[in-house]
Amino acid sequence: MREKGVRILYPVSRIVSHPGLNSQFAIRNLQLAVFLLLGTILGLASPALTDWDLTVEVWTCETALPSGVSVWWARQPSAARPVVEFLRLNGLPSVVRWLDRPGNRPVGRRGLAWLACPAAVLSDGVIQELREAVRTGTTLVTTADTWDARLADVYGVRVEAYRWTVRSVIFRRPDGADASEVPIRPRRARRVVIADPAGVEVWATTGRPARPLIVRHPYGDGAAVLIGFPADELWSVRPDRLDGWVFRYLTAWLPVAVAAPLRHTAVLRMDDPQTSSKIWNTEAPPRYQTRYAGLTAAEWAEIGRLVGVHQARLSVMYVSGFVDDGDGRAGALYLQGRPVVERTCGRIYDVRDVTYRLGDRVYDFSAEFQALRDLVARDVVDIESHGYIHTTPFLRDWCRDPQRPRRFLWISEFFDLYMNRPVPEATQQSHLQASIDRIRRWFGRAPVAFSPPMHAYDEATPVIAQRLGLAVMHAQTLFDLTRTPILETARLIVHWAHLPYVEDPDLNESGYPIVIGLHEWDLRTHVPPIRWIHHQIAFFQHRGYRRIISFRELAGYLGAHVQARYRQKSDREEVVLTVRIDRTGGPGGPESRFFSSHPMRWTLYAPGRAVVRVVDGQGRSLNYYVDAPGVFTVEFLPFGSQSEQTMTVTLKRS
């Protein structure tokens, strides 16, 4: 249908054909006839084949990154960072291609590419290569801040400097009926003026007056998509409904879309069991965070049971070093059951060997340690690094401070919050290495995730974590440490149980994964004490977070290298999915990879299709599930000692 000379499309209820399909229909029929004729003559008849890469490419450039910074900081501007964040958090496989590096030009057809480099900084030669990439079949997505006048004919629009605030978006259906107006977080959009009314398809507009926001323009065998928001306005501090709609668009602009099942998931995280800071620290606000009773072995067993009932997993952020404050008058310290007579402030012990008596309260860390080992063996709990001592590494200064029990900022380890000074890189590395070594030795698997205490760190910290082989660092933002040559960040929203929780339907609609953040003391302050964790999990499941996972599973998906290809043959369609997980297990190697011992599932968005069969590289049948019409889950077997597996999904029109 047409409205004011513009075609209005709706991408959700049906698959949108690749822009080259219709235009090449006659050509492919001719090719098929030629192939059949040659087959008759030569006995080598072969079906016509159309092939697309389903792995989204992000096309960026060095000029978009801060000079000399090896990490994409959330606080630093970058045209590529928010795009990569959006793709990673939605589980869409993507790779970064640097346009200003030799050998990285966008030659040939790509399924979907996102231009995340300001086109104004690109040479005329690169602009021409972008034009040819679209002409030969690529769908090129661009936000308002990366559009360039040299590509005006490719996009069929021009983008003006004028900005206005958008508070709602309307998406149109093919029958012309307006969808409900969707409220969004206020954003500043740039004005999009349509230059080719007969060719531009409008996918989304503002309310009244209607102004184009997302448009698609066929060009050659490909298409150019323009989003009227700058990239940093699309996904800023808190995602909302618009994020979910853009995800639907991306899955519609590919013939079939592949994604990791990260949408509407939540990572369950618990901090601080067995930390010495809860003993020496007496005045951390609020007071219930200090000197609370530790968890017993029986309580840990019940926690494991409740987590298992929900088919969930718990990531325990673990501190393996116990720091003695040297105060024998406050309490008695025992090491492997024997009293420590000569107390020395700043001395570090292995926490698994420690028992501490504080008046009539006993902290039996040895029993807790054994209980945690049992839960790890049952595959309910993963042990991850929360640093080595959860206390400043400047222990001499800490010991000299007579007021240290009342100054809770001393509990930061990778940046000294109390003295507002960085921690030397060598010290950070030695502390993190000590944590990794003990977790690997004590629990049989090295950590894959790291969270610095108090979320305090500097620019060296994620680089050190990557150097030591960790896969994920979570500290307000999420660093996927497995990627080179840069470290990619993504903002996971954290709902801390000790903070007032306000229901956020916008976040739920976005589909992004979140983190449910707990502390050990939450199980002492909430009612009922231990069973409260059951209510917390059920609370989020009821609000649409279907899967409660661990950092280890999240790292497995974020760190996997994925190649997905779509093949359209004369008699069927195929999706060939190849996944390599050799860099998802942290410093422990294969035994720390989540998918070494668990099936790896992927979601296929294929509207109008049915799955005929799924086989691995040896032709053996694999499991698949029908989630909804046109939405399927396919499943790799556990990888074991393998690093790579391939599957082929055969589809047919339903």
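As the structure is a computational prediction, the values presented were derived from the model and not from experiment.

What counts and what doesn't
- Residues numbered from 1 in each chain as written.
- Predicted model: local features only at pLDDT ≥ 70, side-chain atom pairs only at ≥ 80, totals over all residues.
- Heavy atoms only, no water.
- Helix = DSSP H or I, 4+ residues; strand = E, 2+ residues; numbered from the N terminus.
- Buried < 20%, exposed > 50% of the residue type's maximum accessible area, 1.4 Å probe, protein only.
- Contact = heavy atoms within 4.5 Å.
- Areas by Shrake-Rupley, 256 points an atom, 1.4 Å probe, with all protein chains shown as cover.
- Phe/Tyr/Trp six-rings, centres within 6.5 Å; stacked < 30°, edge-to-face > 60°.
- Disulfide = S-S within 2.5 Å.
- Pairing = 2+ DSSP bridges.
- Axes fitted to C-alpha atoms, helices over the stretch in contact; angles between N-to-C directions.
- Core = buried A, V, L, I, M, F, W, Y, C linked by side-chain atoms within 4.5 Å.
- pLDDT = per-residue confidence, 0-100.
- Parallel < 35°, antiparallel > 145°, perpendicular 65-115°, else oblique.
- Left-handed = near helix turned anticlockwise from the far one by under 90°.
- Nonpolar A, V, L, I, M, F, W, Y, C, P; charged D, E, K, R; others polar.

K.L.:
Even after reading the chapter, I still don't get the overall build of the chain, so can you show me in this structure?
P.N.:
Along the backbone of the chain there are 17 helices and 38 strands. Counting every position in the chain, which comprises 654 residues, the buried fraction comes to 58%. Restricting to contacts in the chain with at least 6 residues of sequence separation, those with at least 24 account for 72%. Split by element, the accessible area of the chain, about 25600 Å² in all, is 51% carbon and sulfur.

K.L.:
Would you explain the packing of aromatic side chains in this entry?
P.N.:
The geometry of an aromatic ring pair is captured by the separation of the ring centres together with the interplanar angle, meaning the angle of the planes. For the coordinates displayed, the defined rule picks out 25 aromatic pairs. Here the aromatic rings of Phe 636 and Phe 639 are separated by 5.8 Å at their centres, their planes lie at 55°, and the arrangement is tilted. We note that Phe 636, like Phe 639, is buried. Pairwise contacts between aromatic rings join Phe 171, Trp 203, Trp 245, Tyr 249 and Trp 253 into one cluster.

K.L.:
Even after reading the chapter, I still don't get the state of the cysteines, so can you show me in this structure?
P.N.:
Applying the stated criterion to the full structure yields two disulfides. Note on cysteine connectivity: Cys 61 is disulfide-linked to Cys 117, with sulfurs 1.9 Å apart. Residues Cys 61 and Cys 117 are joined through a disulfide that is right-handed, its torsion about the S-S bond being 80°. Of this pair, Cys 61 sits in the loop between strand 4 (56–60) and helix 3 (81–89) while Cys 117 sits in the loop between strand 6 (112–115) and helix 4 (124–135), placing them 56 residues apart in sequence. Here Cys 61 falls in the buried class, since its relative accessible area comes to 1%. Covalently, Cys 345 is tied to Cys 399 through a disulfide, its sulfur atoms 2.1 Å apart. Since a negative S-S torsion denotes a left-handed disulfide, the Cys 345-Cys 399 link at about -95° is left-handed. Of this pair, Cys 345 sits in the loop between strand 18 (338–339) and strand 19 (348–350) while Cys 399 is found in helix 11 (residues 395–400), placing the two residues 54 residues apart along the sequence. Taken in sequence order, the bonded cysteines of the chain link in the pattern 1-2, 3-4.

K.L.:
Would you mind going over the sheet that holds strand 20 (residues 354–358) with me for this structure?
P.N.:
Sheet strands associate in pairs through backbone hydrogen bonding, adopting either a parallel or an antiparallel arrangement. Ordered by their spatial adjacency, four strands build an open sheet running 18-17-20-21, and the pairing between neighbours is antiparallel. Of all strands in the sheet, those bounded by a partner on one side alone are strand 18 and strand 21 (361–364). When strand 20 meets strand 21, the two strands line up antiparallel, connected through four bridges. Within strand 21, the residue paired with Arg 357 across the bridge is Val 362. Its contacts with the sheet place helix 10 (residues 365–377) against strand 20 and strand 21, and it is angled at close to 45° to strand 21.

K.L.:
Explain the sheet that holds strand 36 (residues 624–628) to me, please; I cannot follow it from the model alone.
P.N.:
In space, the four strands of this open sheet follow the order 13-34-37-36, with antiparallel pairing throughout. The two strands at the open ends of the sheet, each matched to only one other strand, are strand 13 (257–259) and strand 36. Within this sheet the neighbouring strands show an average axis-to-axis angle of 25°, counted without direction. Sheet topology note: the strand 13/strand 34 (residues 600–605) ladder contains three bridges and is antiparallel. Within strand 34, the position partnered with Val 258 by the bridge is Leu 604.

K.L.:
Would you explain the nonpolar core in this entry?
P.N.:
In summary, soluble globular proteins display a tendency toward joint burial of nonpolar side chains. Grouped together as the largest cluster of nonpolar side chains are 95 residues, with contacts concentrated most on Ile 214, Val 579, Met 600 and Trp 602. Among the elements that line this core, the one with the most residues is helix 7 (residues 241–252), at six residues. Formed by 48 residues, the second largest nonpolar core is a distinct cluster that contains Trp 300, Ile 303, Ile 493 and Leu 523.

K.L.:
I would appreciate a short explanation of the confidence of the model for the chain in the present structure.
P.N.:
Atomic detail in the predicted coordinates should be set aside for any region of low pLDDT. Summing up the model confidence of the chain, the mean pLDDT is 87 and the portion of residues at 70 or higher is 90%. pLDDT under 50 marks residues 1–48. Its contacts with residues more than four places away, or in other chains, come to 82 contacts.

K.L.:
Just to check I follow, could you spell out the pairing of strand 14 (residues 265–271) for this structure?
P.N.:
On any regular strand, side chains alternate: one points to one face of the sheet, the next to the other face. Taken across its seven residues, strand 14 has seven buried, putting it largely inside the fold. In strand 14, alternate side chains face the same way, and those of Thr 265, Val 267, Arg 269 and Asp 271 on one face and Ala 266, Leu 268 and Met 270 on the other are all buried. Pairing of strand 14 with strand 31 (residues 547–549) involves three bridges; the strand directions are parallel. Looking across to strand 31, one finds that Val 267 is bridged to Ile 549. Two strands pair when backbone bridges link them, and strand 14 and strand 30 (residues 514–519) are joined in this way by six bridges, in the parallel orientation. Within strand 30, the residue paired with Arg 269 across the bridge is Gly 517.

K.L.:
Is there a simple way to explain the packing of helix 9 (residues 297–309) against helix 10 in this structure?
P.N.:
When two helices pack together, their arrangement is given by the angle between the helix axes and the distance between those axes. It is at 8 Å that the axes of helix 9 and helix 10 come closest, and there the two elements cross at 20°. The angle between helix 9 and helix 10 places the two elements in the roughly parallel class. Helix-helix and strand crossings are classified by hand; for helix 9 and helix 10 the assignment is right-handed. Contact residues: Ala 297, Trp 300 and Gly 304 in helix 9; Ala 367, Glu 368, Ala 371, Leu 372 and Leu 375 in helix 10. Classifying every residue of the contact of helix 9 with helix 10 by side-chain character gives six nonpolar, one polar and one charged.

K.L.:
Please clarify how the packing of helix 9 against helix 16 (residues 532–542) should be interpreted in this entry.
P.N.:
Helix 16 packs onto helix 9 with a crossing angle of 20° between their chain directions and a minimal axis gap of 9 Å. Taken as axis vectors, helix 9 and helix 16 run roughly parallel relative to one another. Handedness of the helix 9/helix 16 crossing: right-handed. Facing Ile 303, Leu 306 and Val 307 of helix 9, the residues of helix 16 in contact are Ile 533, His 534 and Ile 537. In terms of residue class, the contact of helix 9 with helix 16 is made up of five nonpolar, one polar and no charged.

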